[in-house]
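Remarks on the overall topology
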Amino acid sequence: MINNYTVATVFGGTGFIGRQVVRELASRGVIVKVATRVPEGGYFLKPSGRVGQIVPFACRYDSPESLAQAVKGSDLVVNCVGILFERGKRRTFRRVHVDQPAAIARACAEAGVLRLVHISSLSCDKAQSAYAKSKLEGEKAVFANFPRATILRPSVVFGSEDRFFNMFAKLSRYLPFLPLIGGGHTKLQPVYVGDVADAVIASLYAVGDEAGGGVEGEVFELGGPEVLSFREVYAKMFVHTGRKRLLVSIPWSLAKVQAWFMRIMPEPLLTADQVETLKTDNVVSKGMKGFADLGILPRSLDSVLPGYLEVYRPGGRLAKVKA
Ligand SMILES: NC(=O)c1ccc[n+]([C@@H]2O[C@H](COP(=O)([O-])OP(=O)(O)OC[C@H]3O[C@@H](n4cnc5c(N)ncnc54)[C@H](OP(=O)(O)O)[C@@H]3O)[C@@H](O)[C@H]2O)c1
């Protein structure tokens, strides 16, 4: 099904996961419309394809006409839009995680799109945060409007452009200690961004059917090969940055107070809602479909982290060479 005549629309294609999806689709010859609020912000993706193959496309999410234009002529649609914190009346979880996916799914159904893949979030059916609840409601809204959609729920995603390891590695450059929210016992199953993009592609193909057909109406939980506590995640990061920092346990209630003060930052490092999310383990549930069902062997942290965390080593990337 995927060939040089296939057209795909990727909503949120400028983001961390979306850009990887755009690159993977382009490498398979697909013409990609990158639906974005600011087309100029998508120009950096153009060199990942042939001339004219990757097209940033202005999109207004509150306009059904604009969404119809964004998916018009597309065989495949992927929704990678999401936010970590709310701001003002327009940037709310309800709007971005529920209303927008519903409108996208509706536009896809009306335009006769073949496949819709929606990126949700692992443990959205368990965590009690507003973020998680909105992601779960968004899944229901997608299925209600496009029952054949495929939903992917990744755990925390890592890769050279991630916010997770890069943020903690940056903090460890300047701070003598790093926080262990709630004692750092929460379990995570970090997943490589390239594997998430491969899962999107596999969802667009039928598993084991090269002619195409796709995976439809299913939810896949995407976790990497390792389940680690937050404390163990830090330990792994320290190995690859060559820096060791004191780990300070912060009780849940104190973390919420700290987050309250951080809310005035343009991009808060932590929000009270994220503290709430962290109270629930972020690991794949027993009995749920996942990478194996999509024919993908996910990569380990140790196979990817050295490639982008060595810049945080004392002395930088060339420190080892100089030595
Ligand atoms: N990163 C992770 O660790 C992780 C883990 C689990 C689940 N997820 C989910 O995966 C999806 C992608 O995450 P990501 O890390 O790639 O996010 P990201 O880097 O922040 O990118 C999200 C994209 O969404 C668009 N966007 C942001 N705010 C918007 C708004 N108010 N209205 C419309 N569009 C908006 C932006 O595109 P434009 O500015 O171009 O419009 C942005 O490029 C999200 O649904 C997220 O919840 C991510």
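In what follows, the structure referred to is the one given above.
Our subject in this report is the structure included herewith. (Residues numbered from 1 in each chain as written. Predicted model: local features only at pLDDT ≥ 70, side-chain atom pairs only at ≥ 80, totals over all residues. Heavy atoms only, no water.)

Right, let's get into a nonpolar patch on the surface. On the surface, Leu254, Val257, Trp260 and Phe261 cluster together to form a nonpolar patch covering roughly 420 Å² of accessible area. By relative accessible area, Leu254 is classed as partly exposed at 40%. (Patch = residues over 30% accessible without salt bridge, like charges linked within 9 Å, V, L, I, M, F, W, Y side chains within 5 Å. Areas by Shrake-Rupley, 256 points an atom, 1.4 Å probe, with all protein chains shown as cover. Salt bridge = Lys/Arg side-chain N within 4 Å of Asp/Glu carboxyl O. Buried < 20%, exposed > 50% of the residue type's maximum accessible area, 1.4 Å probe, protein only.)

Turning our attention to the pairing of strand 4 (residues 76-79). On strand 4, burial covers both faces: Leu76 and Val78 on one face and Val77 and Asn79 on the other are all buried. Bridge analysis of strand 4 against strand 5 (residues 115-119) gives 4 bridges, and the strand direction is parallel. The partner of Val78 across the bridge, within strand 5, is Val117. Following the backbone out of strand 4, through helix 3 (residues 93-111) and into the adjacent parallel strand 5, one traces a crossover that is right-handed. (Helix = DSSP H or I, 4+ residues; strand = E, 2+ residues; numbered from the N terminus. Pairing = 2+ DSSP bridges. Right-handed = clockwise from strand over helix to strand, strands pointing away.)

Below, the discussion takes up the pairing of strand 11 (residues 218-222). Here is the key point about a regular strand: its side chains alternate between the two faces of the sheet. Counted residue by residue, strand 11 has 4 buried out of 5 residues, so it is predominantly covered. Sheet analysis places strand 6 (residues 150-154) next to strand 11, joined by 5 bridges and oriented parallel. Bridge pairing in strand 11 links Thr150 to Glu218.

Here we come to the site of the ligand. The ligand sits among 24 residues. The nearest are Thr14, Thr36, Arg37, Tyr131 and Lys135. Between the ligand and Lys135 there is a distance of 2.6 Å, counted from an oxygen atom to a side-chain nitrogen or oxygen. Here an oxygen atom of the ligand and a side-chain polar atom of Arg163 are 3.2 Å apart. Along the lines of polarity and charge, the residues of the shell around the ligand split into 12 nonpolar, 9 polar and 3 charged. (Near = heavy atom within 4 Å. Polar contact = N/O pair within 3.5 Å; in protein donor to acceptor, adjacent residues only side chain to side chain. Nonpolar A, V, L, I, M, F, W, Y, C, P; charged D, E, K, R; others polar.)

Residues Val21, Leu25, Phe165 and Met237 are the most contacted members of the largest nonpolar core, which totals 64 residues. Setting aside residues no more than four positions away along its own chain, Phe165 makes contact with Phe158, Val233, Met237, Leu301, Leu305, Tyr308 and Leu309. Phe11, Leu67, Val81 and Val219 belong to the second largest nonpolar core, which has 25 residues in total. (Core = buried A, V, L, I, M, F, W, Y, C linked by side-chain atoms within 4.5 Å. Contact = heavy atoms within 4.5 Å.)

In this section: the side chain of His118. With respect to the element layout, His118 can be found in strand 5. Under the relative-accessibility criterion, His118 is labelled buried at 3%. Reaching out from His118, the side chain makes a polar contact with the side chain of Asn79 at a distance of 3.2 Å.

Each aromatic ring pair is characterised by the separation of its centres together with the angle its planes make. Counted under the stated rule, the structure contains 12 aromatic pairs. Their ring planes at 90 degrees and their centres at 6.3 Å tell us that Phe158 and Phe165 sit as a pair that is edge-to-face. A relative accessible area of 1% means that Phe158 is categorised as buried. In this structure Phe165 comes out as buried when scored by relative accessible area, which is 1%. Ring centres of Phe158 and Tyr192 lie 5.8 Å apart, and the angle between their planes is 45 degrees; this geometry places the pair in the tilted category. Separated by 34 residues along the polypeptide, Phe158 in strand 7 (residues 157-158) and Tyr192 in strand 10 (residues 191-192) bring together distant segments of the chain. (Phe/Tyr/Trp six-rings, centres within 6.5 Å; stacked < 30°, edge-to-face > 60°.)

Turning to the environment of Thr150, a few remarks are in order. With respect to the helices and strands, Thr150 occurs in strand 6. Placed 162 residues apart in sequence, Thr150 and Tyr312 show a C-alpha to C-alpha distance of 37 Å. Once you skip the residues sitting within four places of it in the chain, Thr150 turns out to touch Leu116, Val117, His118, Ser203, Val215, Glu216, Gly217, Glu218 and Phe220.

Within the element layout of this structure, Lys135 appears in helix 4 (residues 130-145). Buried charged residue Lys135 carries no salt bridge. Nearest counter-charge: Glu139, at 7.8 Å. Those residues in contact with Lys135, other than ones at most four positions away along the chain, are Val81, His97, Ile119, Ser120, Ser121 and Cys124. (Lys, Arg positive; Asp, Glu negative; His and termini not counted.)

Next up on the list: the packing of helix 1 (residues 16-27) against helix 6 (residues 193-204). Two quantities define a packed helix pair, namely the angle between the helix axes and the distance between the axes. Closest axis-to-axis distance for the helix 1/helix 6 pair is 9 Å, and the angle between their directions is 55 degrees. Between helix 1 and helix 6, the angle falls in the class oblique. Between helix 1 and helix 6 the crossing geometry is right-handed. On the side of helix 1, the interface is formed by Phe16, Ile17, Gln20, Val21, Glu24 and Leu25, while helix 6 contributes Val193, Gly194, Val196, Ala197, Asp198, Val200, Ile201 and Leu204. (Axes fitted to C-alpha atoms, helices over the stretch in contact; angles between N-to-C directions. Parallel < 35°, antiparallel > 145°, perpendicular 65-115°, else oblique. Left-handed = near helix turned anticlockwise from the far one by under 90°.)

This part takes up the environment of Lys170. Tracing the chain through its elements places Lys170 in helix 5 (residues 164-174). Taking C-alpha positions, Lys170 is 11 Å from Arg243, a pair spaced 73 residues apart along the chain.

Attention shifts here to unusual backbone geometry. Of note in this structure, Ser123 is not a glycine but carries a positive phi near 70 degrees. Note on placement: Ser123 falls in the loop between strand 5 and helix 4.

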